[in-house]
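Each chain, written out:
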Amino acid sequence: MMENPQYNHLRVERGVYRKIAGVSERGVVTSQHYAAAEAGAAVLSAGGNAVDAAVTAAFTLQTVEPWMTSLAACGYMLVAQPDGKVEVIEFTGRVPSYFDEEFYKPDPTIKTFIGHPASIDNRNVRGFTAAVVPGCVRGFAEALNRYGTIGFDRALQPAIDRARKGMYVDWHTTLAIAIAEGELGLDPGARSIFLPNGHAPEPGATLPLDQLAKTLEQLANEGPDSLYGGAIGEKLVTDLNSGGSSIALEDLANYAPLLYPSRTMSLQGKTVHVAGETSAGQRLFDALDHFDRKRGKGPVDAGFFTAMAQALWESFGAHRKRLNPAETTNKTSTTQVNAVDSEGRMVAITFTLLNRFGARALSPSTGILLNNGMSWFDPTPGRANSLTPNAYAPSNMCPVAITDEGGAFAAYGAAGGNQIVPSLAQLTGMILHAGIDIEEAMNMPRMTTGPHSDIIVNVDMPAEQIEALEKIAKVKPAAAVVYPRPFAAPGMVGRRGNAFIGMPDITYPAAYAATA
């Protein structure tokens, strides 16, 4: 397997990265954590559909992967019906209706991890002042109302059960907390949960989530309006305001997810669907259009990757012209859930707290870890993505669905900031232009490029592919390790004959495809 021995010094782990596909006629759920995938698959087994399963899995993730998501997360959901109709529920974060522009005045000496200036004292990056109005609870509730078969309370039950027991700490949890330990320690709420005895917990410990459990129970009993203007919202706003945020109860009450048909493009006899303008969907379309025109059908060989690199440069160049500056980081805390049910309905959810552990601040009276969505925006006035009241956040997130004459064909997405579009473009080319199976595509080594001219290659790519890329750009080899992550973390579900297949990211430790 180690075809390129000159990169052995980068292979700090010896072994082959693979994950087992979930294959079932009754449906599959994929997630970055097996507990969430299994919770979703249990809903399918009990007669629920893919929307029920995906929402249940998404809610469960906050109890096992809190550095990625919470009740304050934001994102997108694509629902592909068995007849091929695809709709979007956009639940991106929203800027409060009022904020003090002077308070968020840019400090040109500090750059955010996204690439534009940070506010003075990093006020749009860390702490309560970095939070935007969250969307996932209303978004997931709307999905259940429109497409689901189970109640909102049922979708929350696995999360409630796990929160009551506390969060079990494995080695990856220890690593995730240790990475953010310094800033988590600055916030009393976050410190009290994630840093017992003042430091990252050892594997085998259990972190109490008592306040979150109470909030989840209250949310299940009272419904989503409890957060958006009700009793939970009142407690959350009190905490936010005491921490300096200008989010008001009315901002929560007025939040609404955006519902609309997917944006589409025809590709190789099928239709590719993405979310709206705040997503990276147009960037993906630009890359796929360029790749399709220059490359067309063909195997995954050296020419595949050189054409794809050119396509990614083109798409990111076009993106920069539309939006200045482009996001240029993969240091985000995004997560991905996919589901397919026995009828062939498929769902892709991409959602995030933005940074790892979001604002690294926790609302003590609700147990909700806050997002840091204010840093999606440029505090400099007059920019395309300037910080303005009530604006919905732009992002790199890009859930995708593919349909054909048989209905839904595949649904997928990825975590990884600016690595998201490169990974999804390559996976799309693999399954549509090269015609390979989802399991094979997800297990195949990839490269990444786009906002930069260098090409980062997986050290396990075949030598001739790397040599071809070296002829067009500077190549940086990287092993697909857990940390730091050089590549995106995709997940995918799709059709395989008369059954359905799901594949999680192969390098994420707890990622799993659970079958009904």
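Scroll up for the structure.
Trainee: I tried to follow the sheet that holds strand E9 (residues 258–261) on my own but got confused; where do I start?
Mentor: Read across the sheet, seven strands follow the order E9-E4-E3-E13-E12-E2-E23 without closing on themselves; strand pairing throughout is antiparallel. A single partner strand is all that each edge strand has here, and the edge strands are E9 and strand E23 (512–515). Recorded for the sheet is a direction-independent mean angle of 15° between the axes of neighbouring strands. When strand E12 (residues 334–341) meets strand E13 (residues 346–352), the two strands line up antiparallel, connected through seven bridges. Opposite Val340, over in E13, you have Met346 as the bridge partner.

Trainee: Could you clarify how one ought to interpret the sheet that holds strand E18 (residues 447–448) in this entry?
Mentor: Backbone-to-backbone hydrogen bonds join strands into a sheet, with any given pair of strands oriented parallel or antiparallel. The strand order across the open sheet built from three strands is E18-E19-E20, with neighbouring strands paired in mixed fashion. Lying at the two open borders of the sheet, with one neighbouring strand each, are E18 and strand E20 (475–478). Along the sheet, helix H15 (residues 463–470) makes contact with E18, strand E19 (455–458) and E20, crossing E19 at roughly 175°.

Trainee: In this structure, what is going on with the environment of Asp454? I would like to understand it.
Mentor: On the secondary structure map, Asp454 appears in the loop between E18 and E19. Separated by 3.1 Å, the side chains of Asp454 and Lys476 make a polar contact.

Trainee: So what exactly am I meant to see when it comes to the environment of Gly139 here?
Mentor: Note on placement: Gly139 falls in helix H3 (residues 136–147). Not counting the four nearest positions on each side in its chain, Gly139 is found in contact with Ile89, Phe91 and Pro257.

Trainee: I'm lost on the packing of aromatic side chains in this one. Help?
Mentor: Given two aromatic rings, their pairing is described by the distance between the two centres and the angle made by the two planes. Applying the stated criterion across every chain yields a total of 12 aromatic pairs. For the ring pair Phe103 and Tyr104, a centre distance of 5.1 Å and an interplane angle of 80° mean the geometry is edge-to-face. By way of ring pairs, the aromatic residues Phe59, Phe91, Phe140, Phe152 and Phe351 are connected into one cluster. Sitting over the face of the ring of Phe103, Arg123 holds its NZ or CZ atom 4.3 Å from the ring centroid. Cation over ring: Lys270 sits above Phe409, and NZ or CZ is 4.6 Å from the ring centre.

Trainee: Looking at this structure, I do not really get the state of the cysteines. What am I missing?
Mentor: Should the sulfur atoms of two cysteines be covalently bonded, the bond is a disulfide. Under the counting rule described, the total for this entry stands at zero disulfides. Note on Cys398: no disulfide assigned, nearest cysteine sulfur contributed by Cys74 at a separation of 17 Å. Its relative accessible area of 1% is what places Cys398 among the buried residues.

Calculation criteria
Residues numbered from 1 in each chain as written. Predicted model: local features only at pLDDT ≥ 70, side-chain atom pairs only at ≥ 80, totals over all residues. Heavy atoms only, no water. Pairing = 2+ DSSP bridges. Helix = DSSP H or I, 4+ residues; strand = E, 2+ residues; numbered from the N terminus. Axes fitted to C-alpha atoms, helices over the stretch in contact; angles between N-to-C directions. Contact = heavy atoms within 4.5 Å. Polar contact = N/O pair within 3.5 Å; in protein donor to acceptor, adjacent residues only side chain to side chain. Phe/Tyr/Trp six-rings, centres within 6.5 Å; stacked < 30°, edge-to-face > 60°. Lys NZ or Arg CZ within 6 Å of the ring centre and 35° of its normal. Disulfide = S-S within 2.5 Å. Buried < 20%, exposed > 50% of the residue type's maximum accessible area, 1.4 Å probe, protein only.

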